[in-house]
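In case you want the letters, here they are:
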Amino acid sequence: MKKIFLSLVCLLLIHTTCLAKDILQFDFPNEGWHQVASIDKKSTKKCYVPHGQTAENYTEMLVFSERVLKTQGLTALTLLHKQLGKDKNNYLDIVPEYVFADMDNSMAAWCSQLRNTCAVTRAFKGKEGVVFATYLNKAPHYSQNMFGQWSNILSHVKIYEPQQGQAQPTNLIDLN
């Protein structure tokens, strides 16, 4: 009986260590973007701002994160919808609009005139869960152009797939 119990514990430990988060491949739109600490101090969020900006004093920020699915049936669209509900609690005047709404790959955009902030968020299926890529802008005076430009940029974020015999690219974001 002890051996069976120990075997099950070992299997569970091995299983949880195998749930590593995904690695993203992404080309920043221009040079100078650098990683900063997450505002909410979560190490699982990877935040980037342009040259000259900080986590406390930024105009633009890119945030990458992943939610490991513990419940079957949750899709990227479902989790994006839930995230938009949280955003609506923080930015009361927003009306999110879906750029595209596929079950495994969805994108939405919104602006808050009260808080002078706009965002474009993409949620897509990763190997271990749902990956979120969000662009925030706290000075959206050109918001219409921003949506098209950043929707296009965020649509190019993808899961890194190592290729046999090829050197590892430098444009990787490890979500661990």
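Quick look at the structure, then. (Residues numbered from 1 in each chain as written. Predicted model: local features only at pLDDT ≥ 70, side-chain atom pairs only at ≥ 80, totals over all residues. Heavy atoms only, no water.)

Concerning the nonpolar core
Core analysis: the biggest nonpolar cluster contains 23 residues, and Leu24, Leu62, Phe64, Val120, Trp150, Leu154 and Val157 have the highest contact counts within it. A total of five residues in this core trace back to one element, the largest contributor, which is helix H3 (residues 143-154). Aside from chain neighbours lying at most four places away, what touches Val157 is Leu24, Gln25, Phe26, Phe64, Arg122, Phe124 and Ala133. Grouped together as the second largest cluster of nonpolar side chains are 20 residues, Val36, Cys47, Tyr58 and Ala76 included. (Core = buried A, V, L, I, M, F, W, Y, C linked by side-chain atoms within 4.5 Å. Buried < 20%, exposed > 50% of the residue type's maximum accessible area, 1.4 Å probe, protein only. Helix = DSSP H or I, 4+ residues; strand = E, 2+ residues; numbered from the N terminus. Contact = heavy atoms within 4.5 Å.)

With respect to unusual backbone geometry
The phi torsion at Asn116 lies on the positive side, around 50°, for a residue other than glycine. Structurally, Asn116 can be placed in the loop between strand E6 (105-112) and strand E7 (117-125).

Things to note about the state of the cysteines
One way to say it: the disulfide is the covalent bond shared by the sulfur atoms of two cysteines. Using the criterion set out here, one finds one disulfide in the structure. Between the sulfur atoms of Cys111 and its disulfide partner Cys118 the distance amounts to 1.8 Å. Linking Cys111 and Cys118, the disulfide has an S-S dihedral of approximately 105° and is accordingly described as right-handed. (Disulfide = S-S within 2.5 Å.)

So, the pairing of strand E8 (residues 129-137)
Consecutive side chains along a regular strand alternate between the two faces of the sheet. For E8, the buried fraction is high: nine of the nine residues fall into the buried class. Here nine bridges tie strand E4 (residues 60-68) to E8, and the two strands are oriented antiparallel to one another. Of the residues in E8, the one forming a bridge with Glu60 is Asn137. Summarising the sheet, E7 and E8 pair through eight bridges and their orientation is antiparallel. Within the sheet, the bridge partner assigned to Ala119 lies in E8 and is Leu136. The hairpin formed by E7 and E8 contains three residues between the paired strands. (Pairing = 2+ DSSP bridges.)

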